[in-house]
Amino acid sequence: MDGLGGVLGGVLSLTGFLGSLLVLSPAMTGVVLAAALPALVAETLLTRRRTAMEWDTEHHHRREYFYGQLLTGTSPATEIRLFGIGAFLRGRMMAERRAANAAERGMDLRELRTQGGLTALGAAVAGAGLWWAANAARHGTLSVGDIAMFLAAVAGVQSALGALTAAISGGQARLLAFTHYVAVVRAPSDLPRAVTGEAPPLRRGIEFRDVWFRYGDDLPWVLRGLDLTIPHGSAVALVGLNGAGKSTLVKLLCRMYDPVRGQILWDGEDIRDIPPEKLRDRISAVFQDHMNYEMSARDNIAVGDLTALDDPSRLERAASRAGVHDRLAALPKGYDTPLTRMFALDDDAASGVVLSGGQWQRLALARALVREDRDLMILDEPSSGLDPEAEHEVHALMREHRRGGTCLLISHRLSAVRDADRVVVLEDGRVAEQGTHDSLLEADGGYARLFRLQADGYEVTS
Ligand SMILES: Nc1ncnc2c1ncn2[C@@H]1O[C@H](COP(=O)(O)OP(=O)(O)O)[C@@H](O)[C@H]1O
Ligand SMILES: [Mg+2]
């Protein structure tokens, strides 16, 4: 609106002054107008350049922001202090700032030079006009009053043209920024979304059929022709070394990505034919990189299923099953205690507490459990930060969930995996072995080797 108003205002005052100038000297009017053209062209080019410069330096600003967050955040503080890397990170942050400043300074200089040149051109035109008017007055063609009017008209036309140019280039800058906005909002969805279709309650099971997947065309394959069945009502444990693709498989199953080749079937139906939100509504999960929300304990559990937000008994039941109820109940404000010091007031303990890593993990488990009656429970290394007692509880949970639902457990702790109906070993993006714990031990393959390693007292960590 501003830009449009500026253009309209510019046009109106320009018309007025141009009229007066035309009466006095059509030739001079042409000269003044012609001198405005280079300004318009130069301003347009400068705006383009500035927009390109802003686009090109954006990554410096983002990295500067990133280092700034690292230097001011509470969680990085421990490592930053122990390793003594504050000055190092600050140096990196300043380097980004300097790079951005250099680009901006270069642009400012260019603008200064161009605008200086344009101002000189305008002054030369006005000077030539004055010289012409003085001559005309000497020959009696113009009166003294005419000279005053002529000078005022030249100045008026020039400043109106200047304002018009500024308004046009301002509008152009906004339009260029708008094209970036449009590119973002019009970007096609990365997943083709089915709008019709249902995810019926799981009856038979989930099947991965020759699934190939990589995160990008230029990245290595993570899954290479994976065939896997997770029968309904069973607990399947997935094991494999770091980077074997276990968490990737989980993301595919929750439809965060689609396989590059092959299919994932939900009771025989390709999950691409089911609207993602309906599919996800049937699944509960503890992701390996689960969130720790800087909100109250109540919120932290209820986000698993918002219908439980005002139902303390449901929240407490989930927390009890995850073994974290006693801890939460003992907090200064119980379940309403914020689990962060981010918004804490002075030394008021009730305004926020900090949990340990294992306690957060139990909370993530409670969040998954409050999502009751889902068909599939996915636990991606839910016990990696848990004490033996909690780990034992996770096993019990798995056993319990299996009665009504289906469970996919990923764990490095082979003791946790032993209880599963089926153990699947993932290697090179495929299923290398599968069977019960006992049958795999008997087969004496990779699983047996891993298990013996742990039994010897080693622990494979994630
Ligand atoms: N978002 C991602 N973008 C690119 N590569 C990824 C991404 N997530 C995981 N990977 C890669 O995929 C491989 C499998 O990772 P992941 O499924 O997390 O392994 P696991 O859970 O078995 O330890 C790894 O080589 C990892 O680097
Ligand atoms: Mg993983």
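Please refer to the structure placed before this passage.
Summarised in this report is the structure supplied together with it. The residue count restarts for each chain, going from 1 along the sequence in the order it is written. For naming, the first written chain is A and the first written ligand is 1, with later ones following in the order written. At least 70 in pLDDT is required for a residue's local features to be given in this predicted model, at least 80 for side-chain atom pairs to be given and counted, and no such filter applies to totals for whole chains, interfaces and linings, which use all residues.

### Examining the overall build of the protein
Part 1 of the reasoning: Segments assigned H or I by DSSP are reported as helices when at least four residues long, segments assigned E as strands when at least two residues long, and all are numbered from the N terminus. If you tally the helices and strands in the protein, you get 15 helices and ten strands.
Part 2 of the reasoning: Taken over C-alpha atoms, the radius of gyration comes to 35 Å for the protein, far larger than the 23 Å a tight globule of 462 residues would show.
Part 3 of the reasoning: Along the longest, intermediate and shortest principal axes, the C-alpha atoms of the protein span 115 × 55 × 45 Å.
Part 4 of the reasoning: Here the protein holds 462 residues, and the buried ones make up 29% of them.
Part 5 of the reasoning: Excluding contacts between residues fewer than 6 apart, the proportion of contacts in the protein whose partners are at least 24 apart in sequence is 69%. To get the radius of gyration, use the C-alpha atoms; to get the globule rule, take the number of residues to the power 0.38 and multiply by 2.2 Å. Once C-beta atoms are placed from the backbone, each residue is buried if 20 or more other C-beta atoms lie within 10 Å of its own, exposed if 12 or fewer, and partly exposed for counts between those two. Throughout, a pair of residues is in contact if the C-beta atoms placed from their backbones lie within 7 Å.

### Concerning unusual backbone geometry
Among all residues except glycine, the phi angle is most often negative; among peptide bonds, the trans geometry is most common.
Part 1 of the reasoning: With phi around 45 degrees, Asp210 is a residue other than glycine that occupies positive phi space.
Part 2 of the reasoning: Position of Asp210 among the secondary structure elements: in strand β1 (residues 205-213).
Part 3 of the reasoning: Unusually for a residue other than glycine, Asp373 sits at a positive phi of about 60 degrees.
Part 4 of the reasoning: Under the C-beta neighbour-count criterion, Asp373 is labelled exposed, with 10 such atoms within 10 Å.

### Some thoughts on the sheet that holds strand β4 (residues 261-266)
Part 1 of the reasoning: One requirement defines pairing of two strands: DSSP has to find at least two bridges between them. Spatially, β2-β1-β4-β5 is the arrangement adopted by the four strands of the open sheet, whose pairing is antiparallel. Both edges of this open sheet fall to β2 (223-231) and β5 (269-270), since each of them pairs with a single strand only.
Part 2 of the reasoning: Taken together, the five bridges between β1 and β4 define a ladder with antiparallel strand orientation. Paired with Phe208 across the strands is Ile264, a residue of β4.
Part 3 of the reasoning: The convention used is that axes are lines fitted to C-alpha atoms, helices contributing only their stretch in contact, and that angles between N-to-C directions extend from 0 to 180 degrees. Relative to the sheet, helix α6 (residues 246-253) contacts β1, β2 and β4, its axis offset from that of β1 by approximately 115 degrees.

### Here's the deal with the site of ligand 1
Part 1 of the reasoning: Contact assignment follows one rule, namely that a residue is near a molecule or strand if its backbone-placed C-beta atom lies within 6 Å of it. Around ligand 1, the surrounding shell consists of Tyr215, Leu219, Val222, Gly240, Asn242, Gly243, Ala244, Gly245, Lys246, Ser247 and Thr248.
Part 2 of the reasoning: Polarity classes work like this: nonpolar for Ala, Val, Leu, Ile, Met, Phe, Trp, Tyr, Cys and Pro, charged for Asp, Glu, Lys and Arg, and polar for all others, with Gly in that last group. Among the residues making up the shell around ligand 1, the classes are represented as four nonpolar, six polar and one charged.

### Here's the deal with helix α11 (residues 357-370)
Part 1 of the reasoning: Every helix has an expected span of 1.5 Å times one less than the residues it contains. The first and last C-alpha atoms of α11 sit 20 Å apart over 14 residues, in line with the 20 Å expected at 1.5 Å per residue.
Part 2 of the reasoning: Judged by how many residues are buried, α11 sits mostly within the fold: eleven of 14 residues are covered.
Part 3 of the reasoning: Every buried residue of α11 is accounted for by Gln359, Gln361, Arg362, Leu363, Ala364, Leu365, Ala366, Arg367, Ala368, Leu369 and Val370.

### Thoughts on helix α5 (residues 144-185)
Part 1 of the reasoning: Counted at 1.5 Å a residue, the expected span for α5 with its 42 residues is 62 Å, and the 61 Å between its end C-alpha atoms agrees.
Part 2 of the reasoning: Along α5, the residues classified as buried are Phe150, Ala153, Val154, Val157, Gln158, Ala160, Leu161, Leu164, Thr165, Ala167 and Ser169.

### Quick word on the environment of Leu46
Part 1 of the reasoning: With respect to the helices and strands, Leu46 occurs in helix α2 (residues 26-72).
Part 2 of the reasoning: Expressed as a C-alpha distance, the spacing of Leu46 and Arg110, which sit 64 residues apart in the sequence, is 8.3 Å.
Part 3 of the reasoning: In this structure Leu46 touches Glu111 and Thr114, once residues within four positions along its chain are discounted.

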